[in-house]
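# A look at the structure
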Amino acid sequence: MAVERTLSIIKPDATRRNLTGKVNAKFEDAGLAIVAQKRVQLTKAQAEGFYAVHAARPFFGSLVEFMISGPVVVQVLEGEGAVAKNREVMGATNPANAAEGTIRKEFAESIEANSVHGSDSAENAAIEIAYFFAQTEIVG
Ligand code: RTP
Ligand code: MG
């Protein structure tokens, strides 16, 4: 499998509880390297733009408000099959359905406040990485 990059976001419920290091340990233990990382307060426009694909969903407004409720850590993860591997480490969207040992099983508070985001395809990963990072900020 090829080396890939994926976009990860540590969400406000996790930064609020000082879980950035514990989440990062899960990624690194799984063989994902953190090749770019920054802590930012998203604006409403940035959050709406990032989640534009979900604009018609009933949870969109609530999701945007949640994502701007505190700082997030945006990061680029790199490794063999990074997109799928990251989603495996994250666990199911709803923590009630997440497997043992996954980030969402251990840390998520709810289906919305579920601690992490991860790109769902290599194509979307490239778009999402470019949304937050300049190429010069990614050091593999
Ligand atoms: P993500 O995009 O954050 O990695 O999560 P995902 O693919 O597992 O979930 P997705 O379906 O893309 O939904 C994006 C985020 O919206 C929130 N959500 N709330 N209230 C609800 O029913 C609901 N469903 C989804 C979650 O924060 C989810 O991660
Ligand atoms: Mg998604």
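From a predicted model like this one, the values you see are computed outputs, not experimental measurements.

Within helix H5 (residues 82-90), the full set of buried residues consists of Ala82, Val83, Asn86, Val89 and Met90. The arc that holds every buried residue of H5, seen down its axis, measures 130°, which confines them to one face. The elements touched by buried residues of H5 are strand E1 (3-10), helix H2 (20-29), strand E3 (72-80), helix H6 (103-107), strand E4 (116-118) and helix H7 (122-132). Positive phi appears at glycine 91, one or two residues downstream of H5, with a value of about 90°.

With respect to the helices, strands and loops of the structure, proline 71 is situated in the loop between helix H4 (60-67) and E3. Residues proline 71 and valine 89 lie 18 residues apart in sequence; the distance between their C-alpha atoms is 22 Å. Contact partners of proline 71, with chain neighbours within four places excluded, come to Lys11, Pro12, Thr15, Arg39, Val40 and Gln41.

When you line up the elements, valine 3 lands in strand E1. For valine 3, a relative accessible area of 54% corresponds to the exposed category. Apart from the residues within four sequence positions on either side, valine 3 is in contact with Glu78, Gly79 and Glu80.

This next bit is on the side chain of threonine 102. Within the secondary structure, threonine 102 sits in the loop between H5 and H6. Separated by 3.2 Å, the side chain of threonine 102 and the backbone nitrogen of lysine 105 make a polar contact. Setting aside residues up to four positions removed in sequence, threonine 102 forms contacts with Glu88, Val89, Met90 and Gly91.

It is worth spelling out the nonpolar core at this point. Among the nonpolar cores identified, the biggest contains 21 residues, and Leu7, Ile9, Met67, Val76, Phe132, Phe133 and Ile138 are the most heavily contacted of them. Counting residues per element, the ones that place at least two in this core are E1, strand E2 (33-40), helix H3 (44-50), H4, E3 and H7. With near-sequence residues (within four places) excluded, isoleucine 9 lies in contact with Phe50, Met67, Val72, Val73, Val74, Ser115, Val116, His117 and Phe132. Residues Ala82, Val89, Ile103 and Phe107 belong to the second largest nonpolar core, which totals 14 residues.

Moving on: the environment of phenylalanine 50. By the secondary structure assignment, phenylalanine 50 is in helix H3. C-alpha separation for the pair phenylalanine 50 and phenylalanine 132, spaced 82 residues apart in sequence, amounts to 9.5 Å.

Moving on, we come to the UniProt feature "active site" (unreviewed entry) in the protein. Following the UniProt record, one finds the feature "active site" (unreviewed entry) at His117. Tracing the sequence through the fold places histidine 117 in strand E4. Overall, histidine 117 belongs to the buried group, its relative accessible area being 12%. If near-sequence neighbours (up to four positions away) are discounted, histidine 117 is found in contact with Leu7, Ser8, Ile9, Lys11, Phe50, Tyr51, Asn86, Met90, Arg104 and Glu128.

Let us now look at the sheet that holds E1. Read from one edge of the open sheet, four strands run E2-E3-E1-E4, paired in antiparallel fashion. One side of each edge strand has no neighbouring strand; the edge strands of this open sheet are E2 and E4. For this sheet, the mean angle separating the axes of adjacent strands, direction not counted, is 20°. By the bridge criterion, seven bridges tie E2 to E3 in an arrangement that is antiparallel. Considered in E3, the bridge of alanine 36 is made with valine 76. In this fold H5 packs onto E1, E3 and E4, with an angle of close to 35° to the strand it touches most, E1. Its contacts with the sheet place H7 against E1, E2, E3 and E4, and it is angled at close to 55° to E1.

Cut-offs applied
Residues numbered from 1 in each chain as written. Chains lettered and ligands numbered in written order. Predicted model: local features only at pLDDT ≥ 70, side-chain atom pairs only at ≥ 80, totals over all residues. Heavy atoms only, no water. Buried < 20%, exposed > 50% of the residue type's maximum accessible area, 1.4 Å probe, protein only. Helix = DSSP H or I, 4+ residues; strand = E, 2+ residues; numbered from the N terminus. Arc of directions from axis to C-beta. Contact = heavy atoms within 4.5 Å. Polar contact = N/O pair within 3.5 Å; in protein donor to acceptor, adjacent residues only side chain to side chain. Core = buried A, V, L, I, M, F, W, Y, C linked by side-chain atoms within 4.5 Å. UniProt positions renumbered as here; feature names shortened; annotations may be inferred. Pairing = 2+ DSSP bridges. Axes fitted to C-alpha atoms, helices over the stretch in contact; angles between N-to-C directions.

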